[in-house]
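Next come the chains, spelled out residue by residue.
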Amino acid sequence: MKVLVTGGAGYVGSVCAHVLVEEGHEVTILDNLTTGNRSAVPEAATFVEGDVKDVIADVLAGADFDAVLHFAARSLVGESVEKPDEYWHDNFVTTLTLLDAMRSHGVNNLVFSSTAATYGEPEVVPITEDMPTSPTNAYGATKLSIDYAITSYAKAFGLAATSLRYFNVAGAYGAVGENREVETHLIPLVLQVALGHRDKIMIFGDDWPTPDGTPVRDYIHIRDLADAHLLAMETNQSGSHRIFNLGSGDGYSVRQVIDVCRTVTGHPIPAEVAPRRAGDPATLIASSEKAQRELGWAPSRTDLETIVSDAWAFTKNLGSAAHSARRVR
Ligand code: UDP
């Protein structure tokens, strides 16, 4: 298929782009490189640098794409609480622009990169897709609103769409892993401590209603996540908007993640408790049964040690040079 990947220079988008290329698809990547890396773009892909909202009509015009995988977005919970305006514009308004451009150019197949943050603080876990959605931050709210828009476009205009609600994506695939200029995610930050680029990891609160007082998350391997995107794209049906949760089905606390990182890296990884981070829910664990049943998705790297080991291999390879050249924030 001929596929446009927006945000295909970012962590999740670029791994999906690599897998698409490996599976024989023709890939174009559209990315403004604000948070993405040009080096993460597969060599075989065509690369267009730009903002979706500005250039999408030009990119789609006459190109005859079969599908769009839409990753380009702002995705930091804490930042979205402080700068909701930027999240509503860059996520919601931009995606509406994309939906309208797809409609005008006859591109009908969409896979949308969504998030567990659409659920907010769940009453029970694991979270299934029919549970109430009540986001606790602007990031989750923008992604949920986009789902409403996609559902109505599917119904009215025959769009064939799937939203994939990721839980905590981690790990690496080959030469692609988490490599952001400003890193806020737990596993890459902990590994930076092991690499000697940070003194310690801050634990954002140990007074949460969880077994050890630190927040619990469901970590999913980036390569398993990529598989789900290809399955969704290949099975999308006109007029239907499917929503699937993607996780491994197991919850790990922040302290447990740090312990697994200690085992994998052999580094003591000092940790210190800090105040809670705004917008964080206590526990997020996915039920991915629907994706396994309806998409035929079969995640095979669900063990946290495998996820951390792959992330660690990537982080070490990235090398001290790349990390020390960059300001660690
Ligand atoms: N976290 C932490 N210290 C950090 C970064 C994250 O304690 O330096 C916690 C964060 O509060 C959350 C969990 O780790 O409970 C996962 O956070 P991350 O930012 O990786 O993903 P999120 O769950 O926000 O998507």
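Keep in mind it's a predicted model, so treat the numbers as computed, not measured.

## Some words on the overall build of the protein
Here's step 1: Regarding its fold elements, the protein presents ten helices and 13 strands.
Here's step 2: Taking 20 Å as the expected radius of gyration for a compact globule of 329 residues, we find that the protein reaches 19 Å, a close match to that expectation.
Here's step 3: If one aligns the C-alpha atoms of the protein with their principal axes, the spans along those axes are about 55 × 45 × 40 Å.
Here's step 4: Here the protein holds 329 residues, and 54% of them are scored as buried.
Here's step 5: Residue pairs at least 24 apart in sequence account for 78% of intrachain contacts in the protein once pairs closer than 6 positions are excluded.
Here's step 6: Considering the protein, the positive charge centre built from 26 side chains and the negative charge centre built from 42 side chains are found 3 Å apart.

## Some points on the packing of helix H4 (residues 84-104) against helix H5 (residues 138-157)
Here's step 1: Running from N to C, H4 and H5 cross one another at 15 degrees; their axes reach a closest spacing of 9 Å. In terms of axis orientation, H4 runs roughly parallel to H5. Two packed elements cross with a definite hand, and for H4 against H5 that hand is right-handed. Together, Pro84, Tyr87, Trp88, Asn91, Phe92, Thr95, Leu96, Leu99, Asp100 and Arg103 of H4 and Ala138, Tyr139, Ala141, Thr142, Lys143, Ser145, Ile146, Ala149, Ile150, Tyr153 and Phe157 of H5 make up the contact between the two elements.
Here's step 2: Of the residues assigned to the contact of H4 with H5, the class counts are 14 nonpolar, four polar and three charged.

## Remarks on the packing of aromatic side chains
Here's step 1: Enumeration according to the criterion identifies three aromatic pairs in this entry.
Here's step 2: With a centroid separation of 5.8 Å and an interplanar angle of 70 degrees, the aromatic rings of Trp88 and Phe92 are classed as edge-to-face. Of the two residues, Trp88 and Phe92 both sit in helix H4, four residues apart, roughly one turn of that helix.
Here's step 3: For the cation-ring pair, Arg223 lies above Tyr173, with the distance from its terminal atom to the ring centre recorded as 4.9 Å.

## Description of the site of the ligand
Here's step 1: Taken together, 15 residues surround the ligand, and among them Leu186, Met202, Arg217, Arg277 and Asp280 come closest.
Here's step 2: Within the backbone of Thr184, an N or O atom sits 3.4 Å from an oxygen atom of the ligand.
Here's step 3: Taken by itself the ligand offers 510 Å² of open surface, and the protein chains cover 90% of this.
Here's step 4: Contributions of two or more residues to the shell around the ligand are made by helix H6 (186-194) and strand E8 (201-204).
Here's step 5: Here the shell around the ligand is built from residues that sort into nine nonpolar, three polar and three charged.

## Here's the deal with the nonpolar core
Here's step 1: The biggest cluster of nonpolar side chains holds 37 residues, and the ones touching the most others in it are Val12, Leu164 and Leu246.
Here's step 2: Among the elements of the structure, strand E1 (2-6), helix H1 (11-22), strand E2 (26-31), strand E4 (67-70), strand E6 (160-166), helix H7 (222-235), strand E11 (241-246) and helix H9 (289-295) are those that each provide at least two residues to this core.
Here's step 3: Beyond its immediate sequence surroundings of up to four residues, Leu246 is in contact with Leu164, Arg165, Tyr166, Phe167, Ile220, Leu225, Ala228, Ala286, Ser288, Ala291 and Trp297.

## Remarks on the sheet that holds E1
As a general point, the strands of a sheet are linked pairwise by backbone hydrogen bonds and lie either parallel or antiparallel.
Here's step 1: Read across the sheet, seven strands follow the order E3-E2-E1-E4-E5-E6-E11 without closing on themselves; strand pairing throughout is parallel. The sheet terminates laterally at strand E3 (46-49) and E11, the two strands that pair on one side only. Neighbouring strand axes in the sheet, compared pairwise and without regard to direction, differ in orientation by 20 degrees on average.
Here's step 2: Of the strand pairs in this sheet, E1 and E2 are connected by five bridges, and their pairing is parallel. Its bridge partner lying in E2, Lys2 is registered against Glu26.
Here's step 3: Sitting on the sheet, H4 is in contact with E4 and strand E5 (109-115), with an inclination near 170 degrees to E5.
Here's step 4: Most of the contacts of H5 go to E5, to which it runs at about 155 degrees, and overall it touches E5, E6 and E11.

## Quick notes on the pattern of salt bridges
Here's step 1: What the rule picks out here adds up to 17 salt bridges.
Here's step 2: Between Glu79 and Arg74 there is a salt bridge, and its shortest N-O distance comes to 3.4 Å.
Here's step 3: Overall, Glu79 belongs to the partly exposed group, its relative accessible area being 23%.
Here's step 4: With a shortest N-O distance of 3.1 Å, Arg276 and Asp207 are connected by a salt bridge. Residue Arg276 is found in the loop between strand E13 (271-274) and H9, and its partner Asp207 is found in the loop between E8 and strand E9 (216-217); the two are separated by 69 residues along the sequence.

## Description of H4
Here's step 1: Compared with an ideal rise of 1.5 Å per residue, which puts 21 residues at 30 Å, H4 spans 29 Å between its outermost C-alpha atoms and is within 8% of the ideal.
Here's step 2: Those residues of H4 lying buried are Tyr87, Asn91, Thr94, Thr95, Leu98, Leu99, Ala101 and Met102.
Here's step 3: On the buried face of H4, the contacting elements are helix H2 (52-60), E4, helix H3 (77-82), E5 and H5.
Here's step 4: Just downstream of H4 lies Gly106, where phi reads positive at about 65 degrees.

Scoring rules and cut-offs
- Throughout, a residue's number is its position along its own chain's written sequence, starting from 1.
- Given that this is a predicted model, residues contribute local features only at a pLDDT of at least 70 and side-chain atom pairs are listed and counted only at 80 or more, while totals for whole chains, interfaces and linings are drawn from all residues.
- Side-chain descriptors were evaluated using all non-hydrogen atoms of the structure, hydrogens and water having been removed beforehand.
- Each helix is a run of DSSP H or I of at least 4 residues and each strand a run of E of at least 2, with the numbering of both proceeding from the N terminus.
- C-alpha atoms define the radius of gyration, and 2.2 Å times the number of residues to the power 0.38 defines the globule rule.
- Working definition: with a 1.4 Å probe on protein chains only, accessible area under 20% of the residue-type maximum means buried, over 50% means exposed, and in between means partly exposed.
- Here, two residues are considered to be in contact whenever any of their heavy atoms come within 4.5 Å of each other.
- The convention is simple: Lys and Arg are positive, Asp and Glu are negative, and His and the chain ends are not counted.
- The atom standing in for a charge is NZ when the residue is Lys, CZ when it is Arg, CG when it is Asp and CD when it is Glu.
- Only the contacting stretch of a helix is used when fitting its axis, a line to C-alpha atoms as for every element, and angles between N-to-C directions run 0 to 180 degrees.
- Orientation labels follow simple angle bins: below 35 degrees gives roughly parallel, above 145 gives roughly antiparallel, 65 to 115 gives roughly perpendicular, and whatever is left gives oblique.
- By convention, the crossing between two helices is left-handed when the near helix turns anticlockwise from the far helix through less than a right angle, and right-handed when the turn is clockwise.
- Residues are grouped as follows: Ala, Val, Leu, Ile, Met, Phe, Trp, Tyr, Cys and Pro are nonpolar; Asp, Glu, Lys and Arg are charged; all remaining types, including Gly, are polar.
- Stacked, tilted and edge-to-face pairs are distinguished by plane angle, under 30 degrees for stacked and over 60 for edge-to-face with tilted covering the rest, among Phe, Tyr and Trp rings (Trp via its six-membered ring) whose centres lie within 6.5 Å.
- Look at NZ for Lys and CZ for Arg. If either is within 6 Å of the ring centre and within 35 degrees of the ring normal, a charge sits over the ring.
- We call a residue near a molecule or strand when any one of its heavy atoms sits within 4 Å of it.
- What qualifies as a polar contact is a pair of N or O atoms within 3.5 Å, subject to a donor-acceptor requirement within protein and to the restriction that residues adjacent in sequence count only when both atoms come from side chains.
- Computed with a 1.4 Å probe, the accessible areas rest on the Shrake-Rupley method; for each residue, only the protein chains presented here act as cover.
- The criterion is simple. A nonpolar core is a set of buried Ala, Val, Leu, Ile, Met, Phe, Trp, Tyr and Cys residues joined through side-chain atoms within 4.5 Å.
- Pairing between strands requires that DSSP locate at least two bridges from one strand to the other.
- The rule for a salt bridge is simple: a side-chain nitrogen of Lys or Arg has to be within 4 Å of a carboxyl oxygen of Asp or Glu.
- Here, expected helix span is obtained from the residue count minus one, scaled by 1.5 Å.

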